[in-house]
Amino acid sequence: MALTYRIELNDLDLGQLLDGLETRAESWERTAEHLRTDTMPEGEFFLAEECSKPEEADDIAKHYRSIIRKIHSQMEAQS
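Reading the values: the criteria
- Residues numbered from 1 in each chain as written.
- Predicted model: local features only at pLDDT ≥ 70, side-chain atom pairs only at ≥ 80, totals over all residues.
- Heavy atoms only, no water.
- Axes fitted to C-alpha atoms, helices over the stretch in contact; angles between N-to-C directions.
- Helix = DSSP H or I, 4+ residues; strand = E, 2+ residues; numbered from the N terminus.
- Parallel < 35°, antiparallel > 145°, perpendicular 65-115°, else oblique.
- Left-handed = near helix turned anticlockwise from the far one by under 90°.
- Nonpolar A, V, L, I, M, F, W, Y, C, P; charged D, E, K, R; others polar.
- Expected span 1.5 Å × (residues − 1).
- Buried < 20%, exposed > 50% of the residue type's maximum accessible area, 1.4 Å probe, protein only.
- Contact = heavy atoms within 4.5 Å.
- Polar contact = N/O pair within 3.5 Å; in protein donor to acceptor, adjacent residues only side chain to side chain.

## Quick look at the packing of helix H1 (residues 11-37) against helix H2 (residues 54-78)
And step 1. Where H1 meets H2, the closest approach of the two axes is 8 Å, and the angle between their N-to-C directions is 155°. The orientation of H1 relative to H2 falls into the category roughly antiparallel. The two elements H1 and H2 cross, and the hand of that crossing is left-handed.
And step 2. In terms of residue class, the contact of H1 with H2 is made up of 17 nonpolar, two polar and seven charged.

In C-alpha cells, the structure reads:
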C-alpha cells in the first residue's frame, strides 16, 4: 500500500512544481504522438522519452495529469 504524505509549500514553490509536472506530462504526450505517427512536432525542439509503445507513454502522461488534478483540487479546497 502506498504511503500518503502531507507536504507544505508556498504558492511560488507550488507553482514551480505544477509547471514541472505539466512539462513532464506534455513530453510524454508528445512521445506517444511521435510513436503513433512516426513524425516529429514541427517547428520546435522535441526529445522523445524513452519507451517503445505509445500506450506506455499515454499511461505515464495520464499519471502526471492525475497528479496535477489532485494538486489543483487540494489548492481549490484551501482557497
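## Points about H1
The α-helix advances 3.6 residues per turn, and as a result positions three or four apart in sequence lie on the same side.
And step 1. Over its 27 residues, H1 extends 39 Å from the first C-alpha to the last, a length consistent with the 39 Å expected when each residue adds 1.5 Å.
And step 2. Within H1 the residues assigned to the buried category are Leu14, Leu18, Leu21, Ala25, Ser27, Trp28, Thr31, Ala32 and His34.
And step 3. Summarising the contacts, the buried residues of H1 are in contact with H2.
And step 4. Sitting at the amino-terminal end of H1 is asparagine 10, which places a side-chain oxygen 3.0 Å from the backbone nitrogen of leucine 12.

## As for the side chain of threonine 31
And step 1. Looking at the secondary structure, you find threonine 31 in helix H1.
And step 2. For threonine 31, a relative accessible area of 1% translates into the label buried.
And step 3. From its side chain, threonine 31 meets the backbone oxygen of serine 27 in a polar contact 2.9 Å long.
And step 4. Look past the residues within four positions of threonine 31 in its chain and what remains in contact with it is Phe46, Ala48, Glu49, Cys51 and Ala57.

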